[in-house]
Amino acid sequence: MRIVVLAGGIGGARFLTGVRAYARTTGAEVTAVVNVGDDVWMHGLRITPDLDSVMYTLGGGIDPERGWGRAGETWTVKEELAKYGAEPSWFGLGDRDIATHLVRTRMLNAGYPLSAVVAALCDRWQPGVALLPATDDRLETHVVTELDGAEQAIHFQEWWVRHRAQVPAKRFVFVGADAAKPAAGVLDALSGADVVLLAPSNPVVSIAPVLAVAPLREALVAGSAPVVGVSPIIGGSPVRGMADRCLAALDVACTAEGVGRLLGARTAGGVLDAWLVDPVDAATDVPGVRVGAAPLWMTDEDATAAMVRAALELGGLS
Ligand code: FO1
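Residues numbered from 1 in each chain as written. Predicted model: local features only at pLDDT ≥ 70, side-chain atom pairs only at ≥ 80, totals over all residues. Heavy atoms only, no water.

Trainee: How should the site of the ligand be read in this particular structure?
Mentor: Near the ligand, the surroundings consist of 15 residues, among which Asp38, Asp50, Gly92, Gln157 and Arg164 are the closest. Aspartate 38 has a polar side-chain atom sitting 2.9 Å from an oxygen atom of the ligand. Interatomic distance of 2.6 Å between a side-chain N/O atom of glutamine 157 and an oxygen atom of the ligand. Of all the secondary structure elements, the ones that give two or more residues to the shell around the ligand are helix H2 (49-59) and helix H6 (156-162). (Near = heavy atom within 4 Å. Polar contact = N/O pair within 3.5 Å; in protein donor to acceptor, adjacent residues only side chain to side chain. Helix = DSSP H or I, 4+ residues; strand = E, 2+ residues; numbered from the N terminus.)

Structural data, given as structure tokens:
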């Protein structure tokens, strides 16, 4: 069985440990197509937060509390940058993490596509699944906010980290999406998939920027593989992060049903065939989408693998 997972960062990474655990018991092949909308230039280095969260988590290098960056991290360079008054000081680059960004930036500057950079970094980390960026082209999430009474667009990282999403987002813009092409390997993975899973990632700033790569979305919708989404919202609150603030910007209810309807039925212009929710949300109704319930708290790898099994069964596989 070939499983393709569309994923964002921290929630996506945790979900992928369950997909990998499931795959190890069945011999399934797993390809993760990861969001690049969070990617940003900082201090001359190219940072790819969601790809790194997935790579470090599956590779065993993640700081489990933060869900981003390295375990056992030190912050000497960050402190030195601050002494120079080098902005932005609100975005923390750890010493170990910087090595990853230096290797990536050097490869990008040498002309390698991001997918080749990811392959090179994964050669060290051995995540146990194939990791692909959604696109090798520029695609960045910018947030249109209202600061000092004027409407302005800021990079997603500034909204998310500097402002802690406290500044109301009026809308999200995926800069570059209209020209972005699927990264090398993505269309092959989708056409060869037996099932496509949407990880319980933030639907607005993690899943949407992946689906904003039009040829990727078209391949997903036109494909023969069932598409099963896993709700990132349990009982009206996000499992992690600030999906509630993102959904509010779109006037979408922060519920499993609201997100399921946002993604929509494949037969009605959306992408879903099935939608897995937590039992507390079992009454969820998404027109044209088969809704199933299973515990969605990713408390450990076995619980997450059970979730994955439930999603595959809901999609008609197992
Ligand atoms: N998140 C923070 O809240 N504060 C930070 O200083 C920060 C630095 C950072 C550096 C590298 C990296 O890969 C991720 C980092 N993140 C930080 C997390 C990041 O903003 C989010 O994980 C994603 O962009 C949201 O999915």
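Trainee: What should I look at first to understand helix H1 (residues 10-26) in this one?
Mentor: In an α-helix, one full turn covers 3.6 residues, which means residues spaced three or four apart are oriented alike. For H1, built from 17 residues, the straight-helix expectation of 24 Å at 1.5 Å per residue is met to within 8% by its first-to-last C-alpha distance of 25 Å. Within H1, burial applies to Gly11, Gly12, Ala13, Phe15, Leu16, Thr17, Gly18, Val19, Arg20, Ala21, Tyr22 and Ala23. Against the buried residues of H1 lie strand S1 (2-7), strand S2 (29-34), H2, strand S9 (195-198), strand S10 (227-230) and helix H12 (301-314). Of the residues flanking the end of H1, it is glycine 27, one or two places downstream, whose phi is positive at about 80°. (Expected span 1.5 Å × (residues − 1). Buried < 20%, exposed > 50% of the residue type's maximum accessible area, 1.4 Å probe, protein only. Contact = heavy atoms within 4.5 Å.)

Trainee: Where do I start with the nonpolar core in this structure?
Mentor: Judged by nonpolar contacts, the single largest core of 100 residues is most densely connected at Val5, Phe15, Leu131, Trp159, Phe172, Val196 and Leu197. With sequence-adjacent residues up to four places away left out, tryptophan 159 is seen in contact with Val143, Thr145, Ile154, Arg164, Ala165, Val167, Pro168, Ala169, Phe172 and Cys246. Counting seven residues, the second largest nonpolar core, distinct from the first, contains Val40, Phe91, Leu93 and Ile98. (Core = buried A, V, L, I, M, F, W, Y, C linked by side-chain atoms within 4.5 Å.)

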